[in-house]
Amino acid sequence: MKSFKIFRKLRVLANISLIGVVALGTQSCNDLLTEEVVSRVGNDYINTAKGLNDATSAAYSTMRSWYGTERGMNLTVFGTDSYQNGADGSWKFMNTYTTDFDTRNGQVSEVWNDFYQGINTCNAIIERAPKVTGLTDAVKKQRVAEAKFIRAHHYFILTQLFGGVDLRTTETIAPTKVAKRATIAEMYAQIVKDLTEALPDLENKARSTEYGRITRAGAEHLLGRVYLTKATSSAKAGDDYSKAITSLKNVISNYGMSLLPNFADVHKQGNEMNGEVIWSIQYTRDPLTNAGGNNAHVFFGMEYDVLPGMQRDTENGRPFKRYMPTKYTLDVLFKDRENDSRYKKTFKDTYLSNKPGTYSTSFDLSKPSVTFALGDTAIFLPGVEMPLAERAKKKYQVLVPSRYDERIFLAINKHFDGGRVDRTQFEGGRDFIAFRLADTYLMLAEAQFFSGAVNDAVTTYNVVRRRAAWPGKESAMLITASQLNVDFVMDEREREMLGEQSRWFDLARWGNIIERVKAHNPQAAPNIKAHHVLRPIPQTQIDRVEGGKDAFPQNPGY
């Protein structure tokens, strides 16, 4: 049985190096990236065939700092037009943009440090691979290509969050206090270079036989996103949209992929390795190696467990009540529920009783009491203001939109994890879908629209919308050129991608974070300011650079 084990992680500019304890790897019995604990390894380990493979797996593991984590969600879901904060949690200021969102933010520092740790591991792989013996040239080239993809990915996230950062493409072995911020143009030039160079040596397929490794399809997907984002940045070039179109068309045309027939199946538990997934982040059920786990399942749930007939269970989730949909999300994005199935298939509107009995009702005033047997409908959220008399006829609680608050609201079901060992477990084990084909189509359509190819964009959008239609409603879902405008671009993307760590980056790309938050996020509207289009550089980073803020300036406004 072959497996890849982490050897160590190097932290750039932190004046320390760390011994890694977890890694992604390959297990021949099921062709999945798996993990094993490794310790007491030296610097020369990466110079061996096994060490190079394990180092690549170590680099992949740093993706877990971002996808499916509280920090990754807070930095992409909070403070947008589609979500505001719910009742609980100590990170509400990341939604409300108060002065607490400052340079000491721990979650920002964690992303910064973990990504640089991964970047330095990638730098070591790229530099040392040519001298490693015991591996074929093809395998070494693939590992270098994977490292270039991971490095490009991390720098792309960092650039979107912070602007220009310290651009290091060689291994940092000894502690150093010398660093400087690159320009946006320099960042994008390196990101594009890494992805372009990686493509020829990655597996030429949609998904690797060692599931979880990046392939050519995944790298082209990311390259298309990079060009799409660069097109509205200060580094924009006249051919960015055309290059995005080429890359994204390649993903759609060259790898034999297609959208699943049913939108609900994309995120269905147990179906994470479906044909629409281009690349996902691997998690496990092993508490020793799960590195905090995919914990997205706790953040989108409402407080169902205090309502009559209900108690907390694994199926309905541990409700942290962090992210509450805005009125824009419910009333605008998902206004069409007759033709578009994505409202019903995105939100959980029904809860079945798991605590039978008779209860008085304080949440639904249409009836004095309710009685439930096991499995009866206990809660229904119709999504419309059902008249009181009609609600009174129901044997269950009917919670209408006027009743929603920071504790009671529509939860999304994309991230529920019924496989946890008990109802309190925080560390989920589901894979997190990072790249999927519907996103490729949406980015292609956006690039076509903004480059003036409106009819092409209509055709592309209609592929996604046809899949989203209720059976028999396909024709009603198709749009025409006269219906395609900027608002449609923004709305359609979030109808499909709600809660998938995309929205803050989308608004940043479109340059309208301030406008959209002021219009649709009432909690954040009073405080958001122009400088919030970037995140604060961690103060610890600035403090440990020789020359301090003069050598490594903070983003304006922080």
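The coordinates are above.
Since the model is a prediction, treat every value here as computed from it, not as a measurement.

Novice: Got a sec to walk through the nonpolar core? Specific residues and values, please.
Specialist: Among the nonpolar cores identified, the biggest contains 144 residues, and F149, W279 and I379 are the most heavily contacted of them. In terms of residue count, helix 5 (residues 137–162) provides more of this core than any other element does, 12 residues in total. Not counting the four nearest positions on each side in its chain, W279 is found in contact with Y60, M63, Y67, F149, H153, G212, R213, I214, I433, A434 and F435.

Novice: Which residues make up the pattern of salt bridges, and what values go with them?
Specialist: Applying the stated criterion to the full structure yields 48 salt bridges. Among the salt bridges present, the one from R342 reaches D340, with a minimum N-O distance of 2.8 Å. On the basis of relative accessibility, which here comes to 0%, the residue R342 falls in the buried class.

Novice: Pulling in residues and values, what's your account of the environment of K348?
Specialist: Counting through the fold element by element, K348 comes out in strand 8 (residues 347–348). The buried category is assigned to K348, whose relative accessible area is 16%. In terms of polar contacts, K348 uses its side chain to reach the side chain of N316, at 3.2 Å.

Novice: Tell me what's going on with the sheet that holds strand 12 (residues 377–380), and back it up with residues and numbers.
Specialist: Ordered in space as 9-12-13, the three strands form an open sheet in which the pairing is mixed. Of all strands in the sheet, those with a lone pairing partner are strand 9 (350–352) and strand 13 (397–398), marking the two edges. One ladder, built from three bridges, connects strand 9 with strand 12; its direction is antiparallel. Each bridged residue has a counterpart across the sheet, and for Y351 the counterpart in strand 12 is I379.

Novice: Provide a residue-level description of helix 7 (residues 216–230), including the pertinent values.
Specialist: In this model, helix 7 (15 residues) spans 21 Å end to end at C-alpha, consistent with the 21 Å of a helix rising 1.5 Å per residue. Burial within helix 7 is extensive, with 14 of its 15 residues counted as buried.

Novice: Got a sec to walk through helix 1 (residues 49–61)? Specific residues and values, please.
Specialist: For helix 1, which comprises 13 residues, the first-to-last C-alpha distance of 19 Å matches the rise-based estimate of 18 Å (1.5 Å per residue) to within 8%. Among the 13 residues of helix 1, 12 are classified as buried, and the element is accordingly described as predominantly covered. Buried residues of helix 1: A49, G51, L52, N53, D54, A55, T56, S57, A58, A59, Y60 and S61, and no others.

Novice: Describe in detail the packing of helix 8 (residues 240–254) against helix 12 (residues 437–450), supporting the description with residues and values.
Specialist: Interhelical geometry of helix 8 versus helix 12 gives an angle of 150° and a closest axis separation of 9 Å. Between helix 8 and helix 12, the crossing angle belongs to the class labelled roughly antiparallel. Helix 8 and helix 12 meet at a crossing whose hand is left-handed. Contacts between helix 8 and helix 12 involve Y241, A244, I245, L248, K249, V251 and I252 from the former and L437, T440, Y441, M443, L444, A447, Q448 and F450 from the latter. Class assignment for the residues of the contact of helix 8 with helix 12 results in 12 nonpolar, two polar and one charged.

Novice: I'd love a proper account of the pairing of strand 11 (residues 369–372), names of residues and values included.
Specialist: Burial along strand 11 is one-sided: V370 and F372 are buried, while S369 and T371, pointing the other way, are not. As defined by bridge partners, strand 10 (residues 357–360) adjoins strand 11 across four bridges and the pair is classed as antiparallel. For T358, the partnering residue across the bridge sits in strand 11 and is T371.

Rules used throughout
- Residues numbered from 1 in each chain as written.
- Predicted model: local features only at pLDDT ≥ 70, side-chain atom pairs only at ≥ 80, totals over all residues.
- Heavy atoms only, no water.
- Core = buried A, V, L, I, M, F, W, Y, C linked by side-chain atoms within 4.5 Å.
- Buried < 20%, exposed > 50% of the residue type's maximum accessible area, 1.4 Å probe, protein only.
- Helix = DSSP H or I, 4+ residues; strand = E, 2+ residues; numbered from the N terminus.
- Contact = heavy atoms within 4.5 Å.
- Salt bridge = Lys/Arg side-chain N within 4 Å of Asp/Glu carboxyl O.
- Polar contact = N/O pair within 3.5 Å; in protein donor to acceptor, adjacent residues only side chain to side chain.
- Pairing = 2+ DSSP bridges.
- Expected span 1.5 Å × (residues − 1).
- Axes fitted to C-alpha atoms, helices over the stretch in contact; angles between N-to-C directions.
- Parallel < 35°, antiparallel > 145°, perpendicular 65-115°, else oblique.
- Left-handed = near helix turned anticlockwise from the far one by under 90°.
- Nonpolar A, V, L, I, M, F, W, Y, C, P; charged D, E, K, R; others polar.

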